[in-house]
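Each chain, written out:
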Amino acid sequence: FLLAWPEAEADEIIAFLHNAGSGRIYSRSQVSRRMEELKISRKLGSTEAYQASLPINLLKRQIFWSRRPPFGIFGAERRRLIDVDECGIEVQRCNRRYGHGGIGI
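Conventions adopted
Residues numbered from 1 in each chain as written. Predicted model: local features only at pLDDT ≥ 70, side-chain atom pairs only at ≥ 80, totals over all residues. Heavy atoms only, no water. Salt bridge = Lys/Arg side-chain N within 4 Å of Asp/Glu carboxyl O. Helix = DSSP H or I, 4+ residues; strand = E, 2+ residues; numbered from the N terminus. Phe/Tyr/Trp six-rings, centres within 6.5 Å; stacked < 30°, edge-to-face > 60°. Buried < 20%, exposed > 50% of the residue type's maximum accessible area, 1.4 Å probe, protein only. 1 Å grid on protein atoms, 1.4 Å probe; cavity = no way out; pocket = protein on both sides within 12 Å on 5 of 7 lines; lining within 4 Å. Points joined across faces, edges and corners; volume = space filled by probe spheres on them. Nonpolar A, V, L, I, M, F, W, Y, C, P; charged D, E, K, R; others polar.

Sorry, what's going on with the pattern of salt bridges here?
Between side chains of opposite charge, a pair can form as their charged atoms come close. For the structure shown, the criterion picks out 2 salt bridges. Note that Arg-28 is salt-bridged to Asp-11, the shortest N-O span being 2.7 Å. One end of the pair, Arg-28, is in helix α2 (residues 28–37); the other, Asp-11, is in helix α1 (residues 10–22), and 17 residues separate them in sequence. Linking Arg-34 and Glu-37 is a salt bridge whose minimum nitrogen-to-oxygen distance equals 2.9 Å. With Arg-34 and Glu-37 both in helix α2 and 3 residues apart, the pair spans about one turn of that helix.

Written as structure tokens, this is what we have:
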């Protein structure tokens, strides 16, 4: 389970075990203890996109900010850049900061 979803929290692991057919409900402390026995610890995850620093992507970003339309947005009026026609956005939680992995890895 943790190989596919390393960012899963204890409650999600408990729900998975229950739904997988065991029918048993484990406590958070039981899950935590078992993870310690399996030498799985909590890790701080990185959300940095390393491909953003590739030379081709740096060039694309430079072109986007420094060229006039249609290649970029330089000189474009701000009101032309914002299109909220029939759009609604709400970000509650973008990504998780912690995950699980083997101790020493």
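Got a minute to help me understand the packing of aromatic side chains in this structure?
Any pair of aromatic rings gets described here by the distance separating the centres and the angle formed by the planes. On inspection of all chains with the given rule, the structure shows 1 aromatic pair. Plain terms: the ring middles of Phe-64 and Trp-65 are 5.2 Å apart, the flat faces sit at 85° to each other, and that makes the pair edge-to-face. The exposed category is assigned to Trp-65, whose relative accessible area is 53%.

Please clarify how the layout of surface pockets should be interpreted in this entry.
Gaps left between atoms show up when a probe the size of a water molecule is rolled over them. Looking at the largest pocket, its volume works out to about 280 Å³. As for the largest pocket, its lining consists of 13 residues, of which Ile-13, Leu-17, Val-31, Arg-34 and Met-35 are closest to the centre. Of all the elements in the fold, those that place two or more residues in the lining of the largest pocket are α1 and α2. Broken down by element, the residue count for the lining of the largest pocket peaks at 5 residues, all from α2. Along the lines of polarity and charge, the residues of the lining of the largest pocket split into 10 nonpolar, 1 polar and 2 charged. As for the second largest pocket, its lining consists of 11 residues, and the residues nearest its centre are Ala-8, Glu-9, Arg-42, Tyr-98 and His-100. With 3 residues, the single largest contributor to the lining of the second largest pocket is strand β2 (residues 98–102).

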